[in-house]
Amino acid sequence: MSTLTFWKPGTTGPGSTLDRATEDEGNVVQSAPSHSSLSLQAQRERLPIWKHRQKILHCVEKHGVTIVVGQTGSGKTTQSGWASEGNVIACTQPRRVAATSVAVRVAAEVGTLLGDEVGYTIRFEDVSDKKRTRICYMTDGMLFRETLIDPLLSRYSVIMIDEAHERSLYTDLLLGVLKKIRRKRPSLRLIVSSATLDARSFSEYFTSGTHPDEATIISLEGRMYPVEVAYLQESAPDYVRKAVEVVWNINLHHGTGDILIFLTGREEIERCLEELTELIPTFAHLSPLFVPDAQDYPPLSRLLRGATQIIPLALHAGLSTEEQLRVFNVAERGTRKVIAATNIAEASVTIDGVKFVVDSGFVKIRTYNPTTSLASLSTVPVSQASATQRAGRAGRTSPGICYRLYPESVFASLPTNTPPEITRTDMTTPILQLKSLGIDDLMKFEWVSAPPAESVLRALEGLFAAGMIGDDGRLTPIGEQVAEFPIDVHIARMLFASKDFNCGEEILTIAAMVSIQDAFIIPDGAPGAIAELERRKFTAEEGDHLTLLNAYNAFTKYGRSSSWCKMHALNFRAMSRAVSIRSQLKKYMIRFNLPLHSCEGDAKRLRQCLVSGYWRNGARWVADGTYRSVKGNKTLFVHPTSVLFTRKPRTGWIIFHEVEETKKTQIRILTEIEPDWLLDHGHKYQHKHTAV
DNA sequence: GAGCACTGC
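Residues numbered from 1 in each chain as written. Chains lettered and ligands numbered in written order. Predicted model: local features only at pLDDT ≥ 70, side-chain atom pairs only at ≥ 80, totals over all residues. Heavy atoms only, no water.

The name given to chain A in an unreviewed UniProt entry is RNA helicase, and the organism recorded there is Rhizopogon vesiculosus. In the Sequence similarities (unreviewed entry) part of its UniProt record, chain A is described as follows: "Belongs to the DEAD box helicase family. DEAH subfamily." Taken verbatim from the UniProt record of chain A, the Catalytic activity (unreviewed entry) comment is "ATP + H2O = ADP + phosphate + H(+)". (UniProt positions renumbered as here; feature names shortened; annotations may be inferred.)

Structure representation (structure tokens):
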């Protein structure tokens, strides 16, 4: 084992960007607690916002937009005039768990029942009362959706956007719409809560084109412990290996405290934990009894006394809920948890008790290339903001240390922030929604960060080709309706087409099933082979769409139980989500008078209907087992999860749900079709719009 | 014959 030398430039003290306290996190939704006055007092002390409420209220009264730096939660604004007489305060979060857990806490603090004065609204769950709720926590996507119904958001007097620095797609869209709303309705007050680095740009955004007093910035003290940052003197060629070495050294030289390692994906996490457990028996079996004379091995004896037993744990989104919850078990005395995690641990999941962070400095990020219309998943260096956030994970309950597996010079060269999601995503759905809001001139829309012009163009072209917008650039009647569907544009288009093919019932299920990820759980090794056999029971020879339909129907038939899923290699969480999505989409189908006819086992009709949504995604089988795309003749590899992974389709032609570039260009969720069906749509397209 | 960062409606 090589010795590691880290250079320690000093402690990051209060006032730095590390000093940010986040109050909203917590993965586990708490049950509504009943507070004694003592614990209520304790809660207040934990919420700096309570201490600073007068300061915030003062700003909110004086300025249209208040940017709050370093603090979250809107606590006591409830008791101000802003929440009286039919006025409601909205408070948005980028994630569902955050929206619910903050609502639970604030309800307890205010001393009301959840869903009464304080409530929350997230997809599939509305725990609020139209008349009584004064402060409503919600996801930013939910509030954006509300603008489609009430474009001025007239029921709200104050809107607070929390975690704005994360720059989620809907945070950005919401900020853009809110700036527009404030011109028409200046009485609406905004509070934007962000980390230090972005505060000024938010303030500049809201003051540009208005008067300089429009926005103000206030800074609140955080409550976090200092985190010492150590850098490697040289970059490691293999950061997984290096992470293992660093963890082992921490284990030898430092006292108690859990270790959190940031890696990029499941494969790395598994390798890291494997190498780590390989080390454990190496040292553990050399217990003092088996060492002939400890005096002869001073380093080893020191090691044996100093080494704490480690508990290796993985944390990534692919795990079941049970497996994810294991990271919250408190380590027994004399042991420490070593958690190898993806970016999920950066903001979504907070683990207290972590004293050491080991940061690889890399992250997997999804980017959309508008030129090729391809989404790609690639490993890139993290941003400084991200690295800072990761380091902060070591100082939640006590002072900590963050080991960065790269030199400080590399940190200095990292981009300041991760590019906002809106700049690296397919804009088709967002643009349809903005059009539905009456924003027809996208050139005039004030983006916080503009998406690439090509992205906007590509989206407009696609919407035009799909008949969602007309020659005048405005929404067509069907475009208006599709904009309301909480699903991808082309899938929504397919739901409308089901009317012509008499298969609404089945297409609805397929629409829900393609919206979830990973319906099947196929683990590695021997259990994987058994799971594979289970999956074959659902396999339809026509392809994956029908296989998913079979799985869904079996799931509902056999009682929607978690144990049944376990037996049949299905992901219970994902399947339950599909049930919720289906019932939500069904409401829209009824509203738009789309019949819910069954195709009565006529798979041909079903496949024809699929082509109406997916005709742009056609491909042809070639002898080497890969496919060539109809559009662009690109080589496409079948994803190994497909039932057509090993089989040549009878007709040689397929449509697919999505394509993604990883190491290869892969297509997921395939169905065999007749080439004529594709041509029919192609002709229509060519005929209607000559410019492809 | 082989693989999946993370959200959201």
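Draft legend 1. Expanded view of the pattern of salt bridges. Under the definition given, this model contains 29 salt bridges. Glu346 is paired through a salt bridge with Arg390; the nearest N and O atoms lie 3.1 Å apart. Here Glu346, found in helix α12 (residues 344-347), pairs with Arg390, found in helix α13 (residues 384-392); they are 44 residues apart in sequence, far enough to count as distant. Residue classification places Glu346 among the buried residues on the basis of a relative accessible area of 12%. Accessibility expressed as a relative area gives 0% for Arg390, which makes it buried. (Salt bridge = Lys/Arg side-chain N within 4 Å of Asp/Glu carboxyl O. Helix = DSSP H or I, 4+ residues; strand = E, 2+ residues; numbered from the N terminus. Buried < 20%, exposed > 50% of the residue type's maximum accessible area, 1.4 Å probe, protein only.)

Draft legend 2. Region of the structure containing the protein's contact with DNA strand B. Taken together, 30 residues lie around DNA strand B, and Arg96, Thr139, Arg145, Ala317 and Lys364 are the ones closest in. The sugar-phosphate backbone supplies 59% of the atoms of DNA strand B found within 4 Å of the protein. For DNA strand B, a phosphate oxygen lies 2.8 Å from a polar atom in the side chain of Thr139. Between a phosphate oxygen of DNA strand B and a main-chain N or O atom of Arg266, the distance comes to 3.5 Å. Those elements that place two or more of their residues in the surface near DNA strand B are α5 (140-149) and β16 (362-369). (Near = heavy atom within 4 Å. Polar contact = N/O pair within 3.5 Å; in protein donor to acceptor, adjacent residues only side chain to side chain.)

Draft legend 3. Here's a closer look at the nonpolar core. Formed by 105 residues in total, the largest nonpolar core has its most connected members in Ile159, Leu178, Phe206, Leu434 and Phe485. When residues are assigned to domains, this core turns out to be shared by domain 1 (21-219) and domain 3 (485-686), each giving three or more. Those residues in contact with Leu178 that sit more than four places away from it in its chain are Leu153, Ile159, Ile161, Leu188 and Leu190. (Core = buried A, V, L, I, M, F, W, Y, C linked by side-chain atoms within 4.5 Å. Domains from an automatic or database assignment. Contact = heavy atoms within 4.5 Å.)

Draft legend 4. A look at helix α8 (residues 239-253). Between its terminal C-alpha atoms α8 stretches 21 Å, which fits the 21 Å expected from 15 residues at 1.5 Å a residue. Burial of α8 is extensive: 12 of the 15 residues sit out of reach of the surface. Of all the residues in α8, the buried ones are Tyr239, Val240, Lys242, Ala243, Val244, Glu245, Val246, Val247, Trp248, Asn249, Ile250 and Asn251. (Expected span 1.5 Å × (residues − 1).)

Draft legend 5. Expanded view of helix α18 (residues 489-501). In a regular helix each residue adds 1.5 Å, so 13 residues correspond to 18 Å; α18 covers 19 Å between its end C-alpha atoms and thus fits that length. Every buried residue belonging to α18 is among Val489, Ile491, Ala492, Met494, Leu495, Phe496, Ala497, Ser498 and Phe501, and all of these are buried. A distance of 2.9 Å separates the backbone nitrogen of His490 from a side-chain oxygen at the start of α18, and that oxygen is part of Asp488. One or two steps after α18, the chain reaches Asn502, where phi turns positive at roughly 50°.

Draft legend 6. Region of the structure containing the sheet that holds strand β10 (residues 215-219). Spatially, the eight strands line up as an open sheet ordered β6-β5-β7-β4-β8-β9-β3-β10, and their pairing is mixed. A strand with exactly one partner marks an edge of an open sheet, and here the two such strands are β6 (125-127) and β10. Neighbouring strand axes in the sheet, compared pairwise and without regard to direction, differ in orientation by 20° on average. Across five bridges, the pairing between strand β3 (residues 65-69) and strand β9 (residues 189-194) is parallel. Each residue of the ladder has a partner; that of Val68, found in β9, is Ser193. Sheet strands in contact with helix α4 (residues 96-110) are β4 (88-93), β5 (118-122), β6 and β7 (135-139), and its direction is about 170° off that of β5. On the sheet, α5 packs against β4, β5, β7 and β8 (156-161) and is oriented at approximately 105° with respect to β7. (Pairing = 2+ DSSP bridges. Axes fitted to C-alpha atoms, helices over the stretch in contact; angles between N-to-C directions.)

Draft legend 7. Geometry of unusual backbone geometry. Notably, Arg167 is not glycine yet its phi reads approximately 50°, a positive angle. Looking at the element boundaries, Arg167 is found in the loop between β8 and α6 (169-184). The buried category is assigned to Arg167, whose relative accessible area is 8%. Within the chain, Arg560 stands out as a residue other than glycine whose phi angle is a positive 50°. Mapped onto the secondary structure, Arg560 falls in the loop between α21 (544-557) and α22 (562-567). Residue class for Arg560 comes out partly exposed when judged on its relative accessible area of 45%.

Draft legend 8. Up close: the pairing of strand β14 (residues 335-341). Where burial is concerned, most of β14 is hidden: seven out of the seven residues are buried. Bridging between strand β12 (residues 258-262) and β14 involves four bridges; their strand directions are parallel. The partner of Ile261 across the bridge, within β14, is Ala340. Here seven bridges tie strand β13 (residues 309-315) to β14, and the two strands are oriented parallel to one another. Note that in β14 the partner of Gln309 across the bridge is Thr335.

Draft legend 9. Region of the structure containing the pairing of strand β18 (residues 400-404). Of all five residues in β18, five are buried; the element is thus mostly enclosed. Side-chain alternation along β18 places Gly400, Cys402 and Arg404 on one buried face and Ile401 and Tyr403 on a second face that is also buried.

Draft legend 10. Summary view of the packing of α21 against helix α24 (residues 603-614). The geometry of α21 relative to α24 is characterised by a closest axis approach of 11 Å and an angle of 115° between their N-to-C directions. The interaxial crossing formed by α21 with α24 has right-handed handedness. Facing α21, whose interface residues are His545, Leu546 and Leu549, α24 presents Ala603, Leu606, Arg607, Leu610 and Tyr614. Residues belonging to the contact of α21 with α24 are distributed by class as follows: six nonpolar, one polar and one charged. (Left-handed = near helix turned anticlockwise from the far one by under 90°. Nonpolar A, V, L, I, M, F, W, Y, C, P; charged D, E, K, R; others polar.)

Draft legend 11. Layout of the packing of aromatic side chains. Under the defined criterion, the tally for this structure stands at 15 aromatic pairs. Between Phe555 and Phe572 the ring centres are 6.3 Å apart and the planes differ by 65°, which places this aromatic pair in the edge-to-face class. On the criterion of sequence distance, the pair formed by Phe555 in helix α21 and Phe572 in helix α23 (residues 572-591) is long-range, its members being 17 residues apart. Among the residues examined, Phe572 registers a relative accessible area of 34% and is labelled partly exposed. An aromatic cluster of three or more residues is present, and its members are Phe520, Phe538, Phe555, Tyr558, Trp564 and Phe572. Arg535 extends its terminal NZ or CZ atom over the ring of Phe520, reaching a point 5.7 Å from the ring centre. Above the face of the Trp621 ring, Lys648 is positioned so that its terminal group lies 5.2 Å from the ring centre. (Phe/Tyr/Trp six-rings, centres within 6.5 Å; stacked < 30°, edge-to-face > 60°. Lys NZ or Arg CZ within 6 Å of the ring centre and 35° of its normal.)

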